[in-house]
Every structure is written in structure tokens, then in C-alpha cells.
Protein chains: 2
Amino acid sequence: MAAGRTPYDVLIGPGVLSHPQLSRRLGRGANGIVVSSSRVMRRHGRALQEALRKTGFETRRLVLLPDGEKAKSTRGWERTVGAMAKARLDRSSFVIAFGGGSIGDAAGFAAASYMRGIRVIQIPTTLLSMVDSSVGGKTGINLAEGKNLVGAFHQPSLVLADTTLLRTLPSRERQSGVYEIVKCGLLRSESLLRLVERTRGLRRASGGDLETAIAEAVRIKARIVERDERESGERVLLNLGHTLGHALETATSYRVFTHGEAVGYGMDFAVDLSRRLGLATPAAARRMLASIRAAGRRTPLSAALVSRTREAVRSDKKREGVELKEILLAGAQRPRIHRFKTRDFAAHAGEWLISRLERVPKRRG
Amino acid sequence: MAAGRTPYDVLIGPGVLSHPQLSRRLGRGANGIVVSSSRVMRRHGRALQEALRKTGFETRRLVLLPDGEKAKSTRGWERTVGAMAKARLDRSSFVIAFGGGSIGDAAGFAAASYMRGIRVIQIPTTLLSMVDSSVGGKTGINLAEGKNLVGAFHQPSLVLADTTLLRTLPSRERQSGVYEIVKCGLLRSESLLRLVERTRGLRRASGGDLETAIAEAVRIKARIVERDERESGERVLLNLGHTLGHALETATSYRVFTHGEAVGYGMDFAVDLSRRLGLATPAAARRMLASIRAAGRRTPLSAALVSRTREAVRSDKKREGVELKEILLAGAQRPRIHRFKTRDFAAHAGEWLISRLERVPKRRG
């Protein structure tokens with residue numbers, strides 16, 4: 001497939017950066033800024049500039065944020081909206097978010113809050129942001145007190161997922177996106193799981209395979225979000241693997257695991273817990289674990305994580321009162337929303353981590 | 001009328017602060033914070049605490065912002081969302097905005113952005129904020145580059161306009177609110193204009209008159225906003241008098257005129273311009289000017305304002321490209337949306353200011 005399209009106007013494929021849809025959306029004489037990072041601009045700046053040149057829009061107005069989570073600071077947000085004001089953007093202007101998920105989240109919140117909301121065009125440059133954060137309209141930045149504590153729901157007016165940009169993506173970052181694709185497969189698509197398994201976690205994927213996988217994951221996410229933009233019901237499904245995943249990331253200050261790896265462990269845990277609670281048969285659980293494993297090797301867990309992760313589960317921002325919702329799986333494509341007391345869930349998570357550590361074969365003395 | 005009610009759940013009248021609706025909305029065990037200022041808490045803190053005590057919610061969690069426009073800084077916003085995070089507010093929590101328009105705008109934006117939006121209850125303490133900013137869902141803060149440059153549309157879940165709080169309101173602040181009431185009358189209600197004229201700009205209003213005026217103004221604003229929350233069409237009517245009004249405020253760094261006075265001059269100008277362009281008959285214009293004049297004496301204009309105001313019109317943030325929309329009046333309750341080139345509009349405004357200054361009778365030598 002050359003370019004997929006969902007109700008969210010997501011164009012996927014090689015070279016979609018130069019798709020005429022971009023200049024059609026920007027319109028003539030529209031004013032805007034590009035938000036990116038130095039690293040992304042070094043890698044892909046030329047491709048963006050060429051695409052924009054065709055639209056008559058030049059990237060002289062550029063805000064560079066740091067890479068990774070550091071992009072999502074209140075200071076970076078102030079700098080971005082300040083630059084927008086200095087560039088005299090008005091309600092007809094737009095923001096182009098050009099980078100990974102953090103750049104997209106930060107630029108998206110700047111666009112959502114400037115003049116109470118102007119257009120944002122998401123051009124994700126990583127597999128993870130193509131299948132995950134660029135679609136769905138969640139934007140946000142971090143506070144000292146926790147991640148994503150402030151933000152807005154703000155749908156992009158266009159998403160361009162140009163697979164050419166993935167050619168230079170380090171394999172560890174590619175793998176991080178694969179876990180989110182597996183998540184979508186576990187929620188809604190058997191064929192997507194098969195594609196991931198057949199291509200060994202997309203490591204052996206053809207260009208066509210890659211586009212199919214991205215398009216299918218985006219379609220699944222978009223459909224869920226469409227029915228529940230503000231996460232009052234179904235959207236919570238997308239949190240599959242994320243409660244433990246976030247806790248692992250917090251416990252390691254985001255320095256050890258990629259987001260995908262952490263979610264991969266979270267999905268392993270959700271499957272094991274589903275089996276333990278009698279929700280999934282052992283055979284169904286094995287089948288799901290095999291799909292997750294297809295994404296490849298992960299940074300291993302360590303014993304030091306157990307207590308810190310348990311603590312991080314307890315203080316997760318998503319708690320509502322003392323309960324939390326966790327997504328379990330009766331089988332592939334059979335997700336179930338399950339309520340746990342936060343304390344009980346933290347205990348389950350701790351036990352699981354310990355059992356998982358014990359499963360690691362000891363070296364012979 | 002004891003308590004008016006619009007689709008926005010606005011309760012109006014003496015003592016509505018203690019209305020059972022408040023505890024019904026908060027629910028049991030809900031967590032929240034109060035955002036206010038030292039001055040407001042000195043004047044009305046006890047009344048709020050008593051009302052909240054009945055709900056079982058105590059105001060120990062209190063964020064104090066400076067009074068006036070200084071409440072609307074990025075620093076104040078960071079401090080507010082930081083306090084919300086420290087108080088471990090979650091998606092079921094709420095913010096109580098207790099103060100004038102600036103406190104309401106700042107607290108509203110904090111509520112809109114914290115966890116992508118939690119509930120806000122607006123308890124306005126000035127006539128202006130009761131009839132204007134507490135209803136309609138516009139929230140925002142200022143940047144160094146301009147006012148209200150960042151913000152969100154976020155409807156309050158409850159507005160309590162307790163007229164008892166107005167007893168201690170200085171007359172200049174009361175008058176500021178009267179101009180916004182006159183604006184609503186000029187847009188939609190002949191009886192409201194008559195009420196303002198009969199009570200000499202509410203200076204001689206009974207308690208019942210005051211409630212009727214607030215309820216009618218709120219009803220008019222709520223109906224317009226309901227049909228056009230995001231200001232793509234009809235909501236622009238509410239800008240009657242505000243293009244020149246904002247320019248006068250900017251030209252004087254918000255230090256000379258109250259918001260109402262500035263809007264009063266803006267409405268005078270809109271009426272005069274409507275007459276000059278042949279849209280309103282001289283008789284209709286006289287009638288409208290008399291309604292505006294009923295609000296009382298205003299801080300006079302000065303010659304030094306002319307060029308600065310013209311400049312401020314040109315750089316108003318609401319410009320879209322080189323055009324602006326101005327609300328003219330063919331007569332009372334006959335508003336018309338008119339497009340001007342920004343340059344032409346600025347010239348009209350400058351000429352009008354000069355003519356207005358010339359009308360001031362010279363002292364005899």
C-alpha cells in the first residue's frame with residue numbers, strides 16, 4: 001500500500017513528506033513555526049526543508065527543543081509559545097512538530113494552548129511516534145512532580161508518517177515502536193500479530209510490510225480514540241502494558257528501558273496475570289507471549305527494580321482514588337478492563353517481577 | 001428572582017455560595033484546591049470557608065495569586081499546577097476559582113491543562129466577572145508578548161454568583177461590570193438597557209434589579225457561546241466595543257481605565273462609526289449613546305492616547321492577517337459584523353479619539 005488514510009488524515013508511506021496534501025493544508029501565506037531538535041534536524045532537516053520549499057513556507061522559524069523527555073519541560077513550552085508570539089502567529093497559523101514522541105507532545109501542547117488552540121501538523125520521525133503519540137490528540141509536558149501532568153487533547157490536522165525517515169533509525173528505537181504495534185495486534189488484529197511474528201519483529205520487514213504494520217496500528221488506535229477521545233471508556237484499552245511499563249520507566253528515571261521495552265514487560269505481566277486469575281488459558285497465554293517475544297531481545301530486569309517499581313505503581317498519576325484499571329487479556333483480541341485496588345496491583349507486580357527474575361537461568365559455578 | 005439558571009449551571013442570588021448544588025457537584029471525598037488572592041480572601045474568605053465546611057471540604061489547600069493581570073503569569077500558572085500535583089489531585093478532583101476575572105482566567109487555565117482538564121467551579125467576586133469571564137469557558141494567561149496569548153476553552157462545571165459578595169465592591173469596580181451588562185443589552189435585550197437606565201447604571205438598583213441584570217446578561221452571553229463555543233462565528237458579537245477597548249487598555253498598560261470604561265469608549269466608538277457609515281440613523285445612535293452614558297462618569301481620554309491607541313489597534317492579537325472584524329450597531333439589538341482593513345480601522349479609531357477630545361468643552365480663559 002502506498003499511503004494509508006484514516007479519519008485522522010494520516011498519510012503513511014515513503015516520501016509522503018512531499019505529498020501535496022501538506023501545502024493544501026497549510027494554505028497560501030499561512031504563518032507557522034517548526035518545532036524540532038538539533039539531532040532530528042541534522043538527520044532529516046534537509047528533507048523537511050525541501051518538502052516545505054514546495055509549499056512556499058520556509059523553516060526560518062524554528063524552535064529547537066532538547067531530545068527525549070527533556071523536550072517536555074515547562075521552560076521549553078514557554079520558549080515555544082514565546083517564539084510563536086514573537087513570530088506573530090495568529091489563529092490561522094500552524095505548528096509543525098518534527099521529531100519523536102516527546103517533540104510531538106511538547107509542540108502539540110504549545111499549539112493547543114497558543115491562542116486557545118491553533119493547528120498542528122505532526123511529522124513523526126520514529127516508528128514509535130508514527131504508531132503511537134502522533135495519532136490520538138494527546139499532548140502534554142512534564143512537571144517536577146510527574147510526567148504528562150499538564151497537557152491538552154488536541155487533534156492534529158494532518159499526520160505525515162514518511163517511512164523513508166525510518167531508514168536511519170537505530171534498531172533499538174525501531175524495536176521500541178514494534179512493541180506498540182504488538183499491543184495494537186493483541187487488542188484488535190490477528191493479522192498484525194502474524195505480520196510481526198513472520199517478519200521477526202519487523203527486522204525482516206519489506207517496505208510494504210512496514211507500511212502495512214504502521215497503517216494497521218494507526219487504524220486500530222484511531223478507531224478506539226474516535227469513539228472515546230477523552231478516555232472515559234474504551235480508550236483505556238490503549239493502556240495495555242502501560243501501568244507496569246510506566247512504573248518501570250519511573251523506577252529507572254527513564255534511563256534503562258526504551259518505552260517499548262517497558263511496555264513489553266507490562267504486556268508480559270498482563271498476560272501472566274490474566275492466566276493466573278483464570279481469565280486466559282495457558283495455551284492462549286503462551287500464544288500471546290510468543291507474539292510479544294517476536295519483538296526481540298530486551299534490556300534485562302534487575303533485582304534492584306522490585307521495590308522501586310512497586311512504589312512507582314502506587315504513586316502513578318493515573319490512580320483514581322485507591323483503584324486502578326488494568327487491561328487484561330482473555331486471549332489475543334480479547335481485552336478485558338479489570339479494576340484492582342492499587343495496593344493489590346502493586347503487590348501482584350512485585351511478585352511477578354520476582355518470579356521473572358527467578359526464571360533467568362543462573363550461570364553454572 | 002432568587003436564583004437564575006442557564007444551561008451553564010450558573011446560580012445567581014444572595015447566599016448562593018451555600019447552595020446545596022455545591023456539595024452535590026463536589027461529591028464525597030473529592031480532592032481539590034482553591035485559587036484566590038490575599039485581598040479576596042481577606043474580604044470573603046470566611047464566607048467561602050463556611051460554605052465549604054458544609055461540604056466537608058476544607059480550604060487548607062489554597063493557592064494565592066496576585067491581584068489583577070499579575071495573576072495571569074506563566075509563573076503563577078506553574079505554581080498553581082505544581083500545587084495541584086503536590087496535593088495529588090487526580091482526574092476526579094476540582095479547582096475552585098474564587099476572585100475576579102483574572103483569578104478566574106488563571107485558575108481556569110490551570111484546571112484546563114492539569115491532567116488535560118479537570119473540573120473548575122467559578123465563584124466570581126466582582127460584578128464584571130459574574131457577568132463576563134466566569135461564563136463562557138474562555139481561560140488564559142499572558143505572555144510577555146501580549147495578553148491572553150495562551151489558554152484553553154474549558155467550561156466551568158458550576159458558577160456561583162453570590163450577590164452578597166458585591167456589597168463591599170468599590171463603585172468603580174461595580175461600574176466596570178455595568179458596561180458589560182450594557183453591551184449585552186445593546187446586543188440582545190431592550191429591557192436590560194431600560195433597567196440600566198432606570199437604575200442609573202445600577203447605582204440605584206434593588207437587590208432584585210441586580211440579580212435580574214446579572215441573570216439576563218449571563219443568559220445572553222451563554223446563548224451566544226452555546227451556539228459558537230470556539231468563536232468561529234456568532235461569538236464574535238461579544239467583542240462589541242472590545243477592539244478599541246483593548247487598544248486603550250494596552251496603550252495605557254492597563255493602569256488608567258477599568259476594563260468596563262475601556263469597553264464603554266469602544267462602544268461609543270462603534271455607535272459613532274455605525275452612524276458615520278450610514279448604518280445607524282442619528283436618532284438610533286443617540287439612543288444607544290444614552291444607554292452607555294447611563295453607566296456613569298468615566299476616566300477621561302487624553303490627547304497622549306491617540307497615537308499609542310492607533311498603534312495598539314494595529315498590533316492587536318485578534319487580527320487575522322490584515323483584516324479585523326468589528327461589531328457595529330444598526331440600532332439597539334441590531335448588531336452587524338463588519339470587516340475592516342486593520343489599517344483603515346486604526347485610522348478611524350484615531351480620528352474618533354481626536355474628535356472626542358475636541359468635544360470636551362474648553363475652560364474659559
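Residues numbered from 1 in each chain as written. Chains lettered and ligands numbered in written order. Predicted model: local features only at pLDDT ≥ 70, side-chain atom pairs only at ≥ 80, totals over all residues. Heavy atoms only, no water.

Q: What am I meant to see in the packing of aromatic side chains here?
A: For any pair of aromatic rings, the description consists of the separation of the ring centres together with the inter-plane angle of the planes. All told, the structure shown has 11 aromatic pairs over all chains when counted by the stated rule. Aromatic rings pair up to connect Trp-77 and Phe-109 of chain A together with Trp-77 and Phe-109 of chain B into one cluster. The aromatic ring of Phe-153 of chain A is capped on one face by Arg-116 of chain B, whose charged end is 5.9 Å from the ring centroid. Just above the ring of Tyr-265 of chain B sits the side chain of Arg-298 of chain B; from NZ or CZ to the centre is 4.5 Å. (Phe/Tyr/Trp six-rings, centres within 6.5 Å; stacked < 30°, edge-to-face > 60°. Lys NZ or Arg CZ within 6 Å of the ring centre and 35° of its normal.)

Q: Looking at this model, I keep getting lost on the relation of the copies chain B and chain A. Mind explaining?
A: Note that the two copies of the chain are related through a rotation about an axis and a translation along the same axis. Here chain B sits on chain A after a turn of 180° about the axis and a move of 0.0 Å along it, with an RMSD of 0.0 Å. Taken together, the rotation and translation describe the operation of a two-fold axis. The overlap is high: 100% of the interface residues of chain B also sit at the interface in chain A, so the same surface is used on both sides. (Least-squares fit on C-alpha atoms with pLDDT ≥ 70 in both. Contact = heavy atoms within 4.5 Å.)

Q: Any chance you could explain helix α7 (residues 190-198) of chain B here in plain terms?
A: Note: α-helices contain 3.6 residues per turn, so residues at a spacing of three or four share the same orientation. Residues and elements named next belong to chain B. Looking at α7, one finds that the buried residues are Leu-192, Leu-193, Leu-195 and Val-196. The buried residues of α7 occupy one face: seen down the axis, they fall within an arc of 160°. The outward face of α7, more than 90 degrees from its buried face, is lined by the exposed residues Arg-194 and Arg-198. Positive phi appears at Arg-200, one or two residues downstream of α7, with a value of about 50°. (Buried < 20%, exposed > 50% of the residue type's maximum accessible area, 1.4 Å probe, protein only. Helix = DSSP H or I, 4+ residues; strand = E, 2+ residues; numbered from the N terminus. Arc of directions from axis to C-beta.)

Q: Even after reading the chapter, I still don't get the pairing of strand β6 (residues 138-143) of chain A, so can you show me in this structure?
A: Residues in a regular strand project their side chains so that they alternate between the two faces of the sheet. Residue and element names in this part refer to chain A. β6 sits mainly inside the fold: 5 of its 6 residues count as buried. Here β6 pairs with strand β7 (residues 146-153) via 5 bridges, running antiparallel. When the sheet's bridge partners are listed, Ile-141 is paired in β7 with Val-150. Between β6 and β7, which follow one another and run antiparallel, lie 2 residues. (Pairing = 2+ DSSP bridges.)

Q: Can you walk me through the sheet that holds strand β2 (residues 32-36) of chain B in this structure?
A: Strand pairs in the sheet, formed through backbone hydrogen bonds, run parallel or antiparallel to each other. All names here are of chain B. With respect to topology, 6 strands assemble into an open sheet ordered β1-β8-β5-β4-β2-β3, the strand pairing being parallel. Each edge of the open sheet carries a strand with a single partner, namely β1 (10-13) and β3 (62-64). On average, adjacent strands in this sheet sit at an angle of 15° to one another, irrespective of strand direction. Pairing analysis gives 4 bridges linking β1 to strand β8 (residues 158-162), with the strands arranged parallel. In the sheet register, Leu-11 faces β8, and the bridge partner there is Leu-160. On top of the sheet, helix α2 (residues 38-55) reaches β2, β3, β4 (94-99) and β5 (119-124); it is set at about 130° to β4, its chief contact. (Axes fitted to C-alpha atoms, helices over the stretch in contact; angles between N-to-C directions.)

Q: So what exactly am I meant to see when it comes to the side chain of Gln-122 of chain A here?
A: Residue and element names in this part refer to chain A. The topology assignment puts Gln-122 in strand β5 (residues 119-124). For Gln-122, a relative accessible area of 7% corresponds to the buried category. A polar atom in the side chain of Gln-122 sits 3.3 Å from the backbone oxygen of Gly-104. (Polar contact = N/O pair within 3.5 Å; in protein donor to acceptor, adjacent residues only side chain to side chain.)

Q: What exactly am I supposed to notice about unusual backbone geometry here?
A: Working note: non-glycine residues mostly have negative phi, and peptide bonds are mostly trans. For Arg-200 of chain A, which is not glycine, the phi dihedral falls at a positive 50°. Non-glycine residue Leu-202 of chain B carries a positive phi angle of around 70°. Looking at the element boundaries, Leu-202 of chain B is found in the loop between α7 and α8 (207-227). A relative accessible area of 5% means that Leu-202 of chain B is categorised as buried.

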